[in-house]
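Inside the fold
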Amino acid sequence: MMRKSEYALWALLVLAVLAAGSTMVSLARSQSASAANSEIYRQLDLFGEVLERVRSDYVEKPDDSKLIEAAINGMLTALDPHSAYLNPKHFRDMQVQTRGEFGGLGIEVTMENGVVKVVSPIEDTPAAKAGIMSGDLITALDKEQIQGLTLQEAVEKMRGPVNSPITLTIVRKGVEDPFDVKVTRDVIHINPVKYNAEGDDVGYIRITTFNEQTTANLQKAIDDLKKQLGPKLKGYVIDLRNNPGGLLDQAISVSDAFLDQGAIVLTRGRNLEETQRSNARPGDLTDGKELIVLINGGSASASEIVAGALQDHHRATILGTRSFGKGSVQTIIPLGSNGALRLTTARYYTPSGRSIQAKGIEPEVVVEEELPDDLKKKADEVSTHGEANLRGHLKIEGAAEDEEASEEESGSSSYVAPEKEKDTQLNYALDLLRGIKSVDTDTKKKAEAN
């Protein structure tokens, strides 16, 4: 048995050792942080040296503000394809766009290999009417090459006074030579929800984008279809094809409209405490009616959140082809009078915990859209490269480098027939709702288009 005096001595020695160990760990961390800061300051010194050399020796006097903006954008675009700096004008334009009305051509775009790539033309806009398609590459604007411009600069050039024309030079898969398309700018009014009755028993709802008006317009569409079809209503077709996404909160509230309970989406940032879970509230606006959701290679981001939530809860049958695969969340961070930062701050996951980043949502019922005869020989023309094909995209979380390529999936066709009677995917969905066709969703049976 240890005497009190000896116990006190040993306790003092243990505490001294622990304190010394803690001091050593703290010192090591401090030295590590100091080394990291030292490296950052060295790199900043290098940037300052290059900046001063450009300002003093470049053949023409440069614009200092443009130099800094380009440097910031270069840093952000090196992170991933979706992070960017928004100068004050671009920030104002973005705010107007999310409200559902803005000026321009009506296309959702990204940057790929130095040229502008069309993610999706927005329905009933000048770009859509001019025949611009998902997957088109825009290489020049009014005969001036885009190469060397940032995405924001290219978008700025595509905007302009209403009724003013612009000529886009398009490179399209399946077409041998580049060709020009003349588009007249207009005020783009985005009606995010369009709907109609299909026959006397099915409600068709097309969601084209997720802006501030989407959920309210969806509620109106459901109410109107209920009144129009009454007790004959069998269910709804929710069309998310070529929907490029939009606001995260709208994707959550649209999903909530069809769910009574459970998770809708999980978002996870770099740190564990940044994990958030959004849950459905009681109340299904459709009263539990059967749902079929249409997706394709142009369905991205917010539309994938909706499809993934309804798929995981077995609330809807997902029909069509694999979606785009954008599984990241961008946060708009205002910078006062200096604009804003659009920064990728989180990945999102479906309720079951699966990430669709660079993989997409795989439908239970795979139906390829029937191509017209003139496109069958050049099917690649309407094939959309997915997130996995974008340079600098976020890799699949947790996958080893040699596993990433095998797990990633490229995009699928984004073609949708303009005439409903020729729309293979829509007609298959209507047959499923009416019981003319059936599918075993557990085995993911591939449906044969006819």
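Residues numbered from 1 in each chain as written. Predicted model: local features only at pLDDT ≥ 70, side-chain atom pairs only at ≥ 80, totals over all residues. Heavy atoms only, no water.

In this section: the packing of aromatic side chains. Considering all chains together, one arrives at 0 aromatic pairs under this definition. The aromatic ring of Tyr349 is capped on one face by Arg268, whose charged end is 4.3 Å from the ring centroid. (Phe/Tyr/Trp six-rings, centres within 6.5 Å; stacked < 30°, edge-to-face > 60°. Lys NZ or Arg CZ within 6 Å of the ring centre and 35° of its normal.)

What follows deals with the sheet that holds strand 10 (residues 193-198). The 6 strands are arranged 10-11-12-15-16-19 in an open sheet whose pairing can be described as mixed. The strands lining the two open edges of the sheet, one partner per strand, are strand 10 and strand 19 (365-366). Pairing of strand 12 (residues 235-239) with strand 15 (residues 290-295) involves 5 bridges; the strand directions are parallel. Following the sheet pairing, Gly235 is matched in strand 15 by Glu290. (Pairing = 2+ DSSP bridges. Helix = DSSP H or I, 4+ residues; strand = E, 2+ residues; numbered from the N terminus.)

As a further point, take the nonpolar core. One finds Ile205, Ile207, Leu218 and Val293 to be the most contacted residues of the largest nonpolar core, which totals 39 residues. The dominant element in this core, judged by the number of residues it contributes, is helix 8 (residues 302-312), at 6 residues. Residues within four places of Ile207 in sequence aside, it is in contact with Pro192, Val193, Thr214, Leu218, Ile238, Asp239, Leu240, Asn243 and Val254. Of all hydrophobic cores here, the second largest spans 19 residues; its members include Val109, Ala127, Ile166 and Val181. (Core = buried A, V, L, I, M, F, W, Y, C linked by side-chain atoms within 4.5 Å. Buried < 20%, exposed > 50% of the residue type's maximum accessible area, 1.4 Å probe, protein only. Contact = heavy atoms within 4.5 Å.)

Once that is clear, we can look at a nonpolar patch on the surface. On the surface, Ile40, Tyr41 and Leu44 cluster together into a nonpolar patch covering about 340 Å² of accessible area. By secondary structure assignment, the location of Ile40 is in helix 1 (residues 4-57). (Patch = residues over 30% accessible without salt bridge, like charges linked within 9 Å, V, L, I, M, F, W, Y side chains within 5 Å. Areas by Shrake-Rupley, 256 points an atom, 1.4 Å probe, with all protein chains shown as cover. Salt bridge = Lys/Arg side-chain N within 4 Å of Asp/Glu carboxyl O.)

What the second largest pocket holds in volume is close to 770 Å³. In terms of lining, the second largest pocket is formed by 31 residues, of which the most central are Glu123, Asn242, Val416, Ala417 and Pro418. At the level of elements, helix 4 (126-129), strand 10 and strand 11 (202-207) are the ones that each hand at least two residues to the lining of the second largest pocket. The leading source of residues in the lining of the second largest pocket is strand 10, at 3 residues. A per-class count over the lining of the second largest pocket returns 14 nonpolar, 5 polar and 12 charged. (1 Å grid on protein atoms, 1.4 Å probe; cavity = no way out; pocket = protein on both sides within 12 Å on 5 of 7 lines; lining within 4 Å. Points joined across faces, edges and corners; volume = space filled by probe spheres on them. Nonpolar A, V, L, I, M, F, W, Y, C, P; charged D, E, K, R; others polar.)

On to the pattern of salt bridges, then. Within this structure, the stated rule accounts for 24 salt bridges. Its salt-bridge partner being Arg206, residue Asp239 comes within 3.8 Å of it at the nearest N-O pair. Remark: Arg206 occurs in strand 11 and Asp239 occurs in strand 12; sequence separation between them is 33 residues. The pair formed by Asp239 and Arg206 is uniform in burial state, with each residue classed as buried.

This prediction gives the protein a mean pLDDT of 86; 85% of its residues lie at or above 70. Low pLDDT (under 50) marks residues 1-25, which in the prediction has 2 contacts with non-local residues, meaning those over four places away or in another chain. This model gives residues 441-450 a pLDDT under 50, and the stretch forms 21 contacts once residues within four places in sequence are excluded. (pLDDT = per-residue confidence, 0-100.)

With that out of the way, let us pick up the environment of Val366. Position of Val366 among the secondary structure elements: in strand 19. Judged by its relative accessible area of 16%, Val366 falls in the buried class. C-alpha separation for the pair Val366 and Leu319, spaced 47 residues apart in sequence, amounts to 5.9 Å.

The buried fraction of strand 12 amounts to 5 of the 5 residues, a majority that puts the element mostly inside the structure. In strand 12, alternate side chains face the same way, and those of Gly235, Val237 and Asp239 on one face and Tyr236 and Ile238 on the other are all buried. In this sheet, strand 12 lies alongside strand 11 in parallel orientation, the contact comprising 5 bridges. Of the residues in strand 12, the one forming a bridge with Val202 is Gly235. Taken together, strand 11, helix 6 (residues 214-229) and strand 12 form a β-α-β motif whose crossover is right-handed. (Right-handed = clockwise from strand over helix to strand, strands pointing away.)

Take the side chain of His90 next. For His90, the position within the fold is in helix 3 (residues 88-98). Residues within four places of His90 in sequence aside, it is in contact with Gln152 and Glu156.

Next up on the list: helix 6. For helix 6, built from 16 residues, the straight-helix expectation of 22 Å at 1.5 Å per residue is met to within 8% by its first-to-last C-alpha distance of 22 Å. In this fold, the buried residues of helix 6 make contact with strand 10, strand 11, strand 12 and helix 7 (248-256). Gly230 occupies a position one or two residues after helix 6 and carries a positive phi of about 60°. (Expected span 1.5 Å × (residues − 1).)

This brings us to the packing of helix 7 against helix 8. Contact geometry of helix 7 with helix 8 gives a least axis separation of 9 Å together with a crossing angle of 30°. Put simply, helix 7 runs roughly parallel to helix 8. Where helix 7 crosses over helix 8, the two elements pack in a sense that is right-handed. Residues Leu248, Ala251, Val254 and Ser255 of helix 7 pack against Ala302, Ile305, Val306, Ala309 and Leu310 of helix 8. Broken down by class, the residue content of the contact of helix 7 with helix 8 amounts to 8 nonpolar, 1 polar and no charged. (Axes fitted to C-alpha atoms, helices over the stretch in contact; angles between N-to-C directions. Parallel < 35°, antiparallel > 145°, perpendicular 65-115°, else oblique. Left-handed = near helix turned anticlockwise from the far one by under 90°.)

Relative to the assigned elements, Gly235 resides in strand 12. For the pair Gly235 and Asp201, spaced 34 residues apart in sequence, the C-alpha separation works out to 7.4 Å. If we ignore the near neighbours within four places in the chain, the residues touching Gly235 are Asp201, Val202, Gly203, Lys289, Glu290 and Leu433.

This part is about helix 8. For helix 8, the tally of buried residues reaches 11 of 11 residues, placing the bulk of the element in the interior. Along helix 8, the residues classified as buried are Ala302, Ser303, Glu304, Ile305, Val306, Ala307, Gly308, Ala309, Leu310, Gln311 and Asp312. Structurally, helix 8 contributes buried residues whose contacts are with helix 7, strand 13 (263-268), strand 15, strand 16 (316-320) and strand 18 (340-349). Backbone geometry just after helix 8 places His314 at a positive phi near 55°.

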